[in-house]
Amino acid sequence: MKPLLFKHRLEYVALLAIAPLIRALPRPLALRFGSGIGGLSHWLLRARRALAEDNVRQAFPDWPSQQVSAMVKQNFEHLGMSAVDFLRLDLFTADDLEKNFDIQGFEHLHEALAMKRGVILLTGHLGFWEVGNFVFPTLGIPLDNIAKPLKNRLADAYFHRIRTHFGADIINSRKGARQILKSLQAGHAIGLLLDQHISPPGSIQVDFFGRKAYVTTAITNLAMKYQIPIVATFCLRQPDNRYKAWFEPPLLLAGDGEAALTENTQYLTNIIEQAIRRDPGQWFWMHKRWRNTKTKK
C-alpha cells in the first residue's frame, strides 16, 4: 500500500472538520449552506466554470450566453446541495421515503427482478445519484454499486461507510467483473453510471449531446451476452428540495457482434441524454466528458 500523500491527509482533516457541522444542521439549513458553498465554488474554480460553460454551450448551441452562465451557476449550487445531502445520507430514515421522495414506476424494477437474472440499473451523474444507497435497501432491494475508489483512501473509507450504511455494497470497477456476475446471479440490482469517459480499448465512440464521446462497452456486452434486464432510473431534485425518482420499463438488448454493440451502447447513452434534458442544471457539466483517445482517464 502506497504511503498517504500530505495533501490527502489535509483533505481528510478538512472533511472531518466540516462534515459534523453539516450533519448537525437541520436539512433545510444544511441545503442552504451547500448551495452557498456551490456558489462560492462557481466563483473560485474558474477553470471548472469555464469547462462547464464550454460543455453547455456546445450541448445547447442555440442558448444565449446569459442563459449558459445562469445554468452553470445553478449547476454549481445544485452540486453543493447534493454534496450536503450525501454527507447526511445515513441520517435518512424510512419515514423520509414518504416525506422527501416521490417514486414512480417501481413496478418496472419488480418486473425485471422477476426474470431471476438480476438487474442492471442504468443511471448517470444526474440529480442525487448517490441516493440509491438509501432507497433500494430501504425498499428491500439488494443493491451493489460499481464505483472507482478515490485516490485519497481516507476519504474513500469515510464515504464507503456512508454508502454502505443501509446495506448496499460497493464493487471496485477496476476488478469487479467476477463479482458483478456473482451479484447478478444472486438476484441483486447492480447500479452503474454510464456517463463517464472510458478510454479504449473497452470503449467505443457514440453521440452524446451532438459530440462524440467514449463509453464503456462492458455493460452492453454483459447485458447482451447474458440477457440481463436493464432498468433506467434517475432522481431529480424538485424546487421544494424533495426528490422525484423514477424507473423506466426494463430493456433486454438484442443482437450480437460489433454493429449490435454500437447500436445498443448508443441506445443506452440516448436514455441518459434524454433524462439530462429534463433538467440540465442537475448534471455534472464540469468534468471532461468529451475527450480524444490520447487523453488519459
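Preceding block: the structure.
Residues numbered from 1 in each chain as written. Predicted model: local features only at pLDDT ≥ 70, side-chain atom pairs only at ≥ 80, totals over all residues. Heavy atoms only, no water.

Colleague: How should the overall build of the protein chain be read in this particular structure?
Modeller: Of the regular secondary structure elements, the protein chain holds 11 helices and nine strands. The globule rule puts the C-alpha radius of gyration for 297 residues at 19 Å, and the 19 Å found for the protein chain is close to it. With the C-alpha coordinates of the protein chain rotated into their principal frame, the extents come out at 50 × 45 × 45 Å. A burial count over the protein chain gives 49% of its 297 residues as buried. The contacts in the protein chain between residues at least 6 apart in sequence include a share of 77% that link residues at least 24 apart. Surface summary for the protein chain: the accessible area is close to 15,200 Å², and the carbon and sulfur share equals 56%. (Helix = DSSP H or I, 4+ residues; strand = E, 2+ residues; numbered from the N terminus. Rg over C-alpha atoms; globule rule 2.2 N^0.38 Å. Buried < 20%, exposed > 50% of the residue type's maximum accessible area, 1.4 Å probe, protein only. Contact = heavy atoms within 4.5 Å. Areas by Shrake-Rupley, 256 points an atom, 1.4 Å probe, with all protein chains shown as cover.)

Colleague: Sorry, what's going on with a nonpolar patch on the surface here?
Modeller: On the surface, a cluster of nonpolar side chains totalling about 490 Å² of accessible area is made up of I37, L40, W43, L44 and L45. Considering the arrangement of structural elements, one finds L45 in the loop between helix 2 (27–44) and helix 3 (46–59). (Patch = residues over 30% accessible without salt bridge, like charges linked within 9 Å, V, L, I, M, F, W, Y side chains within 5 Å. Salt bridge = Lys/Arg side-chain N within 4 Å of Asp/Glu carboxyl O.)

Colleague: Looking at this structure, how should I read the packing of aromatic side chains?
Modeller: In this structure the tally under the stated criterion is 21 aromatic pairs. Here a set of aromatic residues connected by ring pairs shows up, and it is made of F60, W63, F208, F209, W283, W285 and W290. Positioned above the aromatic ring of W246 is the side chain of R278, whose terminal nitrogen or guanidinium carbon lies 3.9 Å from the ring centre. (Phe/Tyr/Trp six-rings, centres within 6.5 Å; stacked < 30°, edge-to-face > 60°. Lys NZ or Arg CZ within 6 Å of the ring centre and 35° of its normal.)

Colleague: Mind showing me how you'd approach helix 11 (residues 257–278) here?
Modeller: Residues spaced three or four apart along an α-helix face the same direction, because each turn holds 3.6 residues. In a regular helix each residue adds 1.5 Å, so 22 residues correspond to 32 Å; helix 11 covers 33 Å between its end C-alpha atoms and thus fits that length. All of the buried residues in helix 11 are A260, L261, N264, T265, Q266, L268, T269, I271, I272, E273, A275 and I276. If you follow the buried residues of helix 11, they end up packed against strand 2 (119–123), strand 6 (203–208), strand 7 (211–216), helix 10 (218–226), strand 8 (230–237) and strand 9 (243–247). (Expected span 1.5 Å × (residues − 1).)

Colleague: I would appreciate a short explanation of the pattern of salt bridges in the present structure.
Modeller: Close approach of charged atoms lets side chains of opposite charge pair. Following the criterion strictly, the structure yields seven salt bridges and no others. K73 is the partner of E77 in a salt bridge, and the nearest nitrogen-oxygen pair spans 2.5 Å. Of this pair, E77 and K73 both sit in helix 4 (residues 65–87), separated by four residues, roughly a single helical turn. With relative accessibility at 38%, the residue K73 sits in the partly exposed group. A salt bridge links E273 to R277; the shortest N-O distance between them is 3.0 Å. Highlighted residues: E273 and R277, both in helix 11, separated by four residues, approximately one helical turn. On the basis of relative accessible area, E273 is assigned to the buried category, the value being 13%.

Colleague: I would appreciate a short explanation of the packing of helix 2 against helix 4 in the present structure.
Modeller: In contact at an axis separation of 7 Å, helix 2 and helix 4 are set at 135° when each is read in the N-to-C sense. As the angle between them shows, helix 2 and helix 4 are arranged oblique. When the axes of helix 2 and helix 4 are compared, the crossing they make is right-handed. Only S69, V72, K73, F76, E77, G80, M81, V84 and D85 of helix 4 make contact with helix 2, whose side of the interface consists of R27, A30, L31, G34, S35, G38, G39, S41 and H42. (Axes fitted to C-alpha atoms, helices over the stretch in contact; angles between N-to-C directions. Parallel < 35°, antiparallel > 145°, perpendicular 65-115°, else oblique. Left-handed = near helix turned anticlockwise from the far one by under 90°.)

Colleague: How should I be thinking about the nonpolar core in this particular structure?
Modeller: Across soluble globular proteins, nonpolar side chains show a tendency to be buried alongside one another. One finds I120, L122 and W285 to be the most contacted residues of the largest nonpolar core, which totals 48 residues. With seven residues, helix 11 is the largest single contributor of residues to this core. In contact with I120, other than residues within four places in its own chain, are L184, I190, L192, I219, L222, A223, I228, P229, I230 and V231. Counting residues in each nonpolar core, the second largest holds 26 residues, with L15, V84, F92 and Y243 among its members. (Core = buried A, V, L, I, M, F, W, Y, C linked by side-chain atoms within 4.5 Å.)

Colleague: Got a minute to help me understand a positive patch on the surface in this structure?
Modeller: Positive charge collects at one region of the surface, where K7, K148, K151 and R174 lie side by side. With respect to the helices and strands, K151 occurs in the loop between strand 3 (143–147) and helix 8 (153–163). For K151, a relative accessible area of 77% gives the class exposed. (Lys, Arg positive; Asp, Glu negative; His and termini not counted. Charge placed at Lys NZ, Arg CZ, Asp CG, Glu CD.)

Colleague: Sorry if this is basic, but what is going on with the pairing of strand 7 here?
Modeller: Each regular strand displays side chains that alternate between the two surfaces of the sheet. Across the six residues of strand 7, five count as buried, placing the element largely inside the fold. Here strand 6 runs beside strand 7; their pairing, made up of six bridges, is antiparallel. The partner of Q205 across the bridge, within strand 7, is Y214. A loop of two residues connects strand 6 with strand 7, the two strands running antiparallel in sequence, and F209 in this loop sits at a positive phi of about 55°. (Pairing = 2+ DSSP bridges.)

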